[in-house]
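Spelled out from the first residue to the last, the chains are:
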Amino acid sequence: YLITSILYHDLKNDQFGFMKFYQRRIARIFPAFFTVALSTITVAYFIYSEHDLARAGSNLVAASMSLTNIKYMLLGDYFKISLDAEPFMHYWSLSIEEQYYLLFPLLLFVTFRYARNYLVPILALILVISLAGCILFTPVNSVWTFYLLPTRAWELFAGCLLAIVEGNLTGPMRVPAWVPLGGVILIGGSVTLIQEGPHFPGWLATLPVMGAIALLMQSQGLNYVTSWLSTGPMVAIGKISYSLYLWHWPVYSMVDYGYLF
């Protein structure tokens, strides 16, 4: 949502550039990425067995190449892999994201340049195809559906579409005040009720995505959810959310590994 808002603004103002976009991505992603990665592999050197250290090293290489999702897809079920010896497992989602952003800026640029009036329908069609693939292929092979970009891209396209729709409005989008609250309920319910297993992602993944979209929409009237998310502590967490995401899994997995061994 945020990145597409920036890209769309740049396109409309004739300020878009591929080098500019990727320079921003590298400046935001790489410093924290490699700080966490090098710190993790250093600690792994002292606490991991030789076999687990070698495996962590190979996973770091895959993460650096944005191929972690493919590597873990070939290993098997996300929920059955030995998690304590996999400090880079959470990089799979970053790999999907980076693969997406290798393709999406070009798609957005070409569509905006040559089919601007059909931009929303084209992106919506891609979203529907990706979502349909996610729902249809989850019962067939939930592991591949979980890890592959084509069956997870719709989640990213949802935020992108909202950003473009809002970017075409003369004023901010206004929705009823209960919509953000509904988003919180959907996200909270997803965290507590959706269970791991072969039925995920499938249609169940639509619940947290719809919740996130509902939170992003600006509501009419007094909005306690937005007010809460705008408080100093919540904004501070948001600013460091990327780093928190990178650090949380290595810390948990290595602490557990240390206790087990």
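About the cut-offs
Here the residue numbering is sequential within each chain, running from 1 through the sequence in written order. Only residues with pLDDT of at least 70 are given local features in this predicted model, and only at 80 or more are side-chain atom pairs given and counted; all residues enter the totals for whole chains, interfaces and linings. To get the side-chain values, all heavy atoms of the structure are used, and hydrogens and water are removed first. Going along the chain from the N terminus, every DSSP run of H or I of four or more residues is numbered as a helix, and every run of E of two or more is numbered as a strand. In this treatment the radius of gyration is a C-alpha quantity, and the globule benchmark scales as 2.2 Å times the residue count to the 0.38 power. Note on classification: 1.4 Å probe, protein chains only; a residue is buried when its accessible area is under 20% of the maximum for its type, exposed when over 50%, partly exposed between these limits. Throughout, a contact is declared for two residues whenever any of their heavy atoms are within 4.5 Å. Accessible areas in this description were obtained via Shrake-Rupley with a 1.4 Å probe; residue shielding takes into account the shown protein chains only. By the counting scheme adopted, Arg and Lys are positive, Glu and Asp are negative, and His together with the chain ends is not counted. Note on charges: their place is set at NZ of Lys, CZ of Arg, CG of Asp or CD of Glu. Known as pLDDT, the predictor's confidence for each residue is given on a scale from 0 to 100. Whenever a pair of cysteine sulfur atoms sits within 2.5 Å, that pair is classed as a disulfide. Here the axes come from fitting lines to C-alpha atoms, over the contacting stretch only for helices, and the angles between their N-to-C directions go from 0 to 180 degrees. Whether a crossing is left-handed or right-handed is set by the direction in which the near helix is turned from the far one by less than a right angle, anticlockwise for left-handed and clockwise for right-handed. Polar here means any residue outside two lists: the nonpolar Ala, Val, Leu, Ile, Met, Phe, Trp, Tyr, Cys and Pro, and the charged Asp, Glu, Lys and Arg; Gly therefore counts as polar. Pairs were defined over the aromatic rings of Phe, Tyr and Trp, the Trp ring being its six-membered one, requiring ring centres within 6.5 Å. Orientation was assigned from the angle between planes: stacked under 30 degrees, edge-to-face over 60, tilted for the rest. Buriedness of a pocket was judged along seven lines, with at least five required to meet protein on both sides within 12 Å; pockets are open sets of points on a 1 Å grid over the protein atoms alone, cavities are sets where a 1.4 Å probe fits but cannot get out, and lining residues have an atom within 4 Å of a point. Grid points are joined across faces, edges and corners, and a volume is the space filled by probe spheres set on the points. Geometric relationships in this document are graded by angle, where less than 35 degrees denotes roughly parallel, more than 145 denotes roughly antiparallel, 65 to 115 denotes roughly perpendicular, and other angles denote oblique. In this text, buried Ala, Val, Leu, Ile, Met, Phe, Trp, Tyr and Cys residues form a nonpolar core when linked through side-chain atoms within 4.5 Å.

**Here's the deal with the overall build of the protein chain**
When helices and strands are tallied, the protein chain shows 13 helices and 0 strands. When the helices and strands of the protein chain are listed from N to C terminus, the series reads α-α-α-α-α-α-α-α-α-α-α-α-α. Here the C-alpha radius of gyration of the protein chain, 20 Å, is about what a compact globule of 261 residues would show, namely 18 Å. Counting only residues that meet the buried cut, the protein chain has 41% of its 261 residues in that class. Counted over contacts in the protein chain with a minimum sequence separation of 6, partners at least 24 positions apart contribute 75%. Only carbon and sulfur atoms are counted for the fraction: they give 70% of the accessible area of the protein chain, which is about 14,500 Å². Placing the 13 positive and 13 negative side-chain charges of the protein chain at their respective mean positions leaves the two points 13 Å apart.

**Notes on the confidence of the model for the protein chain**
Scored by pLDDT, the protein chain has a mean of 90; 94% of the residues are at 70 or more. Here helix H11 (residues 224-229) is the element of the protein chain with the lowest mean pLDDT, 82, and helix H6 (residues 119-137) is the one with the highest, 97.

**Here's the deal with the state of the cysteines**
Here is the idea: a disulfide is a covalent bond, and it sits between the sulfur atoms of two cysteines. In this structure the tally under the stated criterion is 0 disulfides. For Cys134, which is in no disulfide, the shortest distance to another cysteine sulfur is to Cys160 and amounts to 16 Å. On the basis of relative accessible area, Cys134 is assigned to the buried category, the value being 0%.

**Focus: the packing of helix H5 (residues 91-114) against helix H8 (residues 153-167)**
Relative to each other, H5 and H8 sit at 35 degrees, their axes nearing to 12 Å. Where H5 crosses over H8, the two elements pack in a sense that is right-handed. For the pair H5 and H8, the contacting residues are Tyr100, Phe104, Leu107 and Leu108 in the first and Ala153, Leu156, Phe157, Cys160 and Ile164 in the second. Split by residue class, the contact of H5 with H8 holds 9 nonpolar, no polar and no charged.

**What about the packing of aromatic side chains?**
Centre-to-centre distance and the angle between the planes together describe a pair of aromatic rings. Going through the model one piece at a time under the given rule, you end up with 21 aromatic pairs. Where Trp92 meets Phe146, the ring centres are 4.6 Å apart and the plane angle is 40 degrees; that geometry is what we call tilted. Here Trp92, found in helix H5, pairs with Phe146, found in helix H7 (residues 142-147); they are 54 residues apart in sequence, far enough to count as distant. Judged by relative accessible area, Trp92 falls into the buried class, the value being 11%.

**Re the layout of surface pockets**
The computed volume of the largest pocket comes to approximately 2,400 Å³. Contributing to the lining of the largest pocket are 47 residues, with Tyr1, Glu97, Leu156, Ala212 and Ser241 lying nearest its centre. Of all the elements in the fold, those that place two or more residues in the lining of the largest pocket are helix H1 (2-12), helix H2 (18-47), H5, H8, helix H10 (206-216), H11, helix H12 (232-239) and helix H13 (241-260). Taken together, the residues that form the lining of the largest pocket break down as 29 nonpolar, 9 polar and 9 charged.

**Regarding the packing of H1 against H8**
Where H1 meets H8, the axes come as close as 8 Å, and the angle between the chain directions of the two elements is 40 degrees. Classified by the angle between their axes, H1 and H8 sit oblique to one another. In the crossing of H1 with H8, the sense of the turn from one axis to the other is right-handed. For the pair H1 and H8, the contacting residues are Thr4, Ser5, Tyr8 and Lys12 in the first and Cys160, Ala163, Ile164 and Gly167 in the second. Considered class by class, the residues forming the contact of H1 with H8 number 4 nonpolar, 3 polar and 1 charged.

**Observations concerning the side chain of Asp10**
Along the chain, Asp10 turns up in helix H1. Asp10 has contacts with Gln15, Phe16, Lys20 and Arg24, leaving out every residue within four places of it along the chain.

**Some words on the nonpolar core**
Ranked by size, the top nonpolar core spans 43 residues in total, and within it Tyr100, Phe104, Leu108 and Leu123 carry the most contacts. The element best represented in this core is H8, accounting for 8 residues. The next biggest cluster of nonpolar side chains, apart from the first, holds 19 residues, and it includes Ala44, Ala56, Leu94 and Met254.

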